[in-house]
Amino acid sequence: MKSISILGSTGSIGINTLNVIRLHPERFKVTALAAGSNLDLFAAQIKEFKPRLVSLEREEDALKLSSIVGPSVEVLYGAEGAESVAVYDNPDVTVSAITGAAGLLPTLAAAKAGGVVALANKESLVLAGSIVMAEAKKSGATIVPVDSEHSAIMQSLVGHRREDIKRIILTASGGPFLDRPQEDFVNITPQQALKHPNWDMGAKVTIDSATLLNKGLEVIEARWLFDLSPDEISVLVHPQSIVHSMVEYLDGSIISQMGAPDMRGPIAYALAYPERIETGVEPCDLTRGPLEFREPDMKKFPCLGLAYDALRAGGTMPAALNAADEVAVRAFLEGQVAFTAISGIIEDTLTRNAPGNGATIEEITSADRVARENARRAVKKVEL
Ligand SMILES: NC(=O)c1ccc[n+]([C@@H]2O[C@H](COP(=O)([O-])OP(=O)(O)OC[C@H]3O[C@@H](n4cnc5c(N)ncnc54)[C@H](OP(=O)(O)O)[C@@H]3O)[C@@H](O)[C@H]2O)c1
């Protein structure tokens, strides 16, 4: 029986993780859960899965929850609460699925603890990839990516030598605006951007998929997970989202992993790693139509290029990129700025980021804070 801690249990990844766990009561036991502010769903999850420790973002919600769940469950709150959940009772697997930079410290705590880190929170590697990977190496933790692309790469690397890799190819669905004329991008509404053609995800990652910034964050994530240079990481648009990513080897062979676009697949791979288990995912019907691949249009989707630039610049640049994007996406969702303003806000913020080598968490969190202030100023300049 594996013990599981879940950070972000009320989100899209968290809910799908519990859906997989529900299929395998003999294999998995949930010991700790953390969430943000969705009290009703969190209370229902606690009732069903009976974790011993839970945490919410804010103290007032934690107090309310305590009165609902009673004294048998310890209720914490805040960043420290999430960190405690990450490592409670040395879980076999910590699922890191809080969204945004808020996921960094609990993920780092899990990496230091030495179990399996099922990593959905790509932001922790974008902000502090070298630190998280070094801590995992020191403790013996295994980081198993939950992002479908990185899970596909990990699966396509099994049985091959690192030195035989020519490059990896991350696939991108292209999002809802792949074929929309660029002149019309200025009219894109949050409702339209939140309708992803293939994946059902949280709001932030869905908007990032529409701008292709998500693919840029994934390029940075891949750099750290697989120890590759930016030139060894390519992106191809694949609108059907069946080929989840590929590795090209020196002899010209390309090994890929395919499956239906359903996050229960990569989640189950991470939970049961190195075994494979039932997921409830419908089989993938390859007769349903052609599989297409195209180069990404970097002019139409400038956020992807900005992410490559930030990765090449290194230091705190990726942290600034992520912080600016979090601010810009929120402003877009709240109707403050146009969809087309997102890349400009990020670019403006990056040009103001003081170069730093990003060697410590303090330096990274300080760059994150300053970038958020700069991004808020950039939002004001282009407010609708
Ligand atoms: N969804 C996908 O298919 C997918 C695929 C690949 C990678 N990812 C990555 O996985 C992560 C989660 O994505 P998601 O789509 O599941 O997001 P989501 O649906 O927005 O869920 C986010 C989760 O984080 C919790 N949360 C947010 N801020 C928190 C804080 N400060 N403290 C504690 N909990 C907090 C939320 O709690 P409340 O809802 O209770 O407020 C929720 O449980 C992101 O990094 C994303 O890029 C997602």
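Because the structure is a prediction, the values reported are computed rather than measured.

About the criteria used
Residues numbered from 1 in each chain as written. Predicted model: local features only at pLDDT ≥ 70, side-chain atom pairs only at ≥ 80, totals over all residues. Helix = DSSP H or I, 4+ residues; strand = E, 2+ residues; numbered from the N terminus. Buried ≥ 20, exposed ≤ 12 C-beta atoms within 10 Å, placed from the backbone. Contact = placed C-beta atoms within 7 Å. Near = placed C-beta within 6 Å. Nonpolar A, V, L, I, M, F, W, Y, C, P; charged D, E, K, R; others polar. Domains from an automatic or database assignment. Pairing = 2+ DSSP bridges. Axes fitted to C-alpha atoms, helices over the stretch in contact; angles between N-to-C directions. Parallel < 35°, antiparallel > 145°, perpendicular 65-115°, else oblique. Left-handed = near helix turned anticlockwise from the far one by under 90°.

Some remarks on the overall build of the protein
Along its length, the protein carries 15 helices and 11 strands. Principal-axis analysis of the C-alpha atoms places the extent of the protein at approximately 55 × 50 × 40 Å. Across the 384 residues that make up the protein, the buried fraction comes to 48%. For the protein, the share of sequence-separated contacts (at least 6 apart) that also reach a separation of at least 24 residues comes to 69%.

Quick notes on helix H5 (residues 104-113)
Residues separated by three or four positions in an α-helix point in the same direction, a consequence of the helix having 3.6 residues per turn. In terms of burial, H5 is largely enclosed, as eight of its 10 residues are buried. Here H5 has its buried residues at Leu-104, Pro-106, Thr-107, Leu-108, Ala-109, Ala-110, Ala-111 and Ala-113. Of the surrounding secondary structure, the elements contacted by the buried residues of H5 are strand E1 (2-7), helix H4 (78-87), strand E5 (93-96), strand E6 (116-119) and helix H6 (123-139). Count one or two residues on from H5 and you reach Gly-114, which has phi positive near 95 degrees.

Concerning the site of the ligand
Surrounding the ligand, one finds 30 residues, the nearest of these being Gly-11, Gly-36, Asn-38, Met-201 and Gly-202. Of all the secondary-structure elements, those providing two or more residues to the shell around the ligand are helix H1 (12-22) and helix H9 (203-211). Here the residues of the shell around the ligand are counted per class, giving 13 nonpolar, 12 polar and five charged.

Some remarks on the domain arrangement of the protein
Interface size, as often reported, equals the accessible area lost upon joining of the parts. Splitting the protein by domain gives domain 1 (2-145), domain 2 (148-262 + 291-306) and domain 3 (314-384). Each of domain 1 and domain 3 has a C-alpha centre, and the two are 27 Å apart. Taken together, the contact between domain 1 and domain 3 spans seven residues of the former and eight residues of the latter. Here the side of domain 1 that touches domain 3 is composed, by residue class, of five nonpolar, one polar and one charged.

Points about the sheet that holds strand E7 (residues 142-145)
Reading across the sheet, the seven strands line up as E4-E3-E2-E1-E5-E6-E7 and stay open at both edges, with parallel pairing between neighbours. Each edge of the open sheet is held by one strand with a lone partner, namely strand E4 (74-77) and E7. On average, each strand axis in the sheet is inclined to that of its neighbour by 25 degrees, with strand direction left out of account. Sheet contacts for H4: E1, strand E2 (28-34), strand E3 (53-56), E4 and E5; angle to E3, the most-contacted strand, approximately 150 degrees.

A short note on unusual backbone geometry
A cis amide bond links Tyr-273 to the next residue, Pro-274, at an omega of 5 degrees. Structurally, the position occupied by Pro-274 is in the loop between helix H11 (264-272) and helix H12 (302-313). Located in the positive-phi region is Asp-89, a residue other than glycine, with phi close to 60 degrees. Looking at the secondary structure, you find Asp-89 in the loop between H4 and E5. Accessibility expressed as a C-beta count within 10 Å gives 11 for Asp-89, which makes it exposed.

Regarding the environment of Arg-330
Relative to the helices and strands, Arg-330 is located in helix H13 (residues 317-333). When the C-alpha atoms of Arg-330 and Leu-170 are compared, they prove to be 26 Å apart, with 160 residues separating the residues in sequence.

Observations concerning the sheet that holds strand E10 (residues 243-249)
As summarised here, the arrangement of the four strands in space is E9-E8-E10-E11, forming an open sheet in which the pairing is mixed. Sheet topology places strand E9 (233-237) and strand E11 (254-258) at the edges, where each strand pairs with a single neighbour. Geometrically, the sheet is characterised by an average inter-axis angle of 20 degrees between neighbouring strands, direction not taken into account. Direction of pairing for strand E8 (residues 165-172) relative to E9: parallel, over a ladder of five bridges. By the bridge assignment, Ile-169 is partnered in E9 with Ser-234. In the packing of helix H7 (residues 148-157) onto the sheet, contacts are made with E8, E10 and E11, and the angle to E10 comes to roughly 40 degrees. Packed on one face of the sheet, helix H10 (residues 213-225) meets E8 and E9 and runs near 150 degrees to E8.

Points about the pairing of E11
Alignment of E10 against E11, held across five bridges, turns out to be antiparallel. Of the residues in E11, the one forming a bridge with Ser-245 is Gln-257. Linking E10 to E11, which pair antiparallel, is a turn of four residues; within it Gly-252 sits at a positive phi near 90 degrees.

Considering the packing of helix H14 (residues 341-352) against helix H15 (residues 361-381)
Between H14 and H15, the shortest axis-to-axis distance is 9 Å and the interhelical angle comes to 135 degrees. Relative to H15, H14 is oriented oblique. Crossing geometry of H14 relative to H15 is assigned as right-handed. Where H14 abuts H15, its residues Ile-345, Asp-348, Thr-349 and Arg-352 lie against Ala-371, Asn-374, Ala-375, Ala-378 and Val-379. For the contact of H14 with H15, the class distribution of residues is five nonpolar, two polar and two charged.

A word on the packing of H4 against H5
Where H4 contacts H5, the axes come no closer than 8 Å and their chain directions differ by 30 degrees. As judged from the angle between their axes, H4 and H5 are roughly parallel. H5 is crossed by H4, and the crossing has right-handed handedness. Residues Ala-79, Ala-82, Glu-83, Val-85, Ala-86 and Val-87 of H4 touch H5, and the partners they reach there are Leu-105, Pro-106, Ala-109, Ala-110 and Ala-113. Among the residues making up the contact of H4 with H5, the classes are represented as 10 nonpolar, no polar and one charged.

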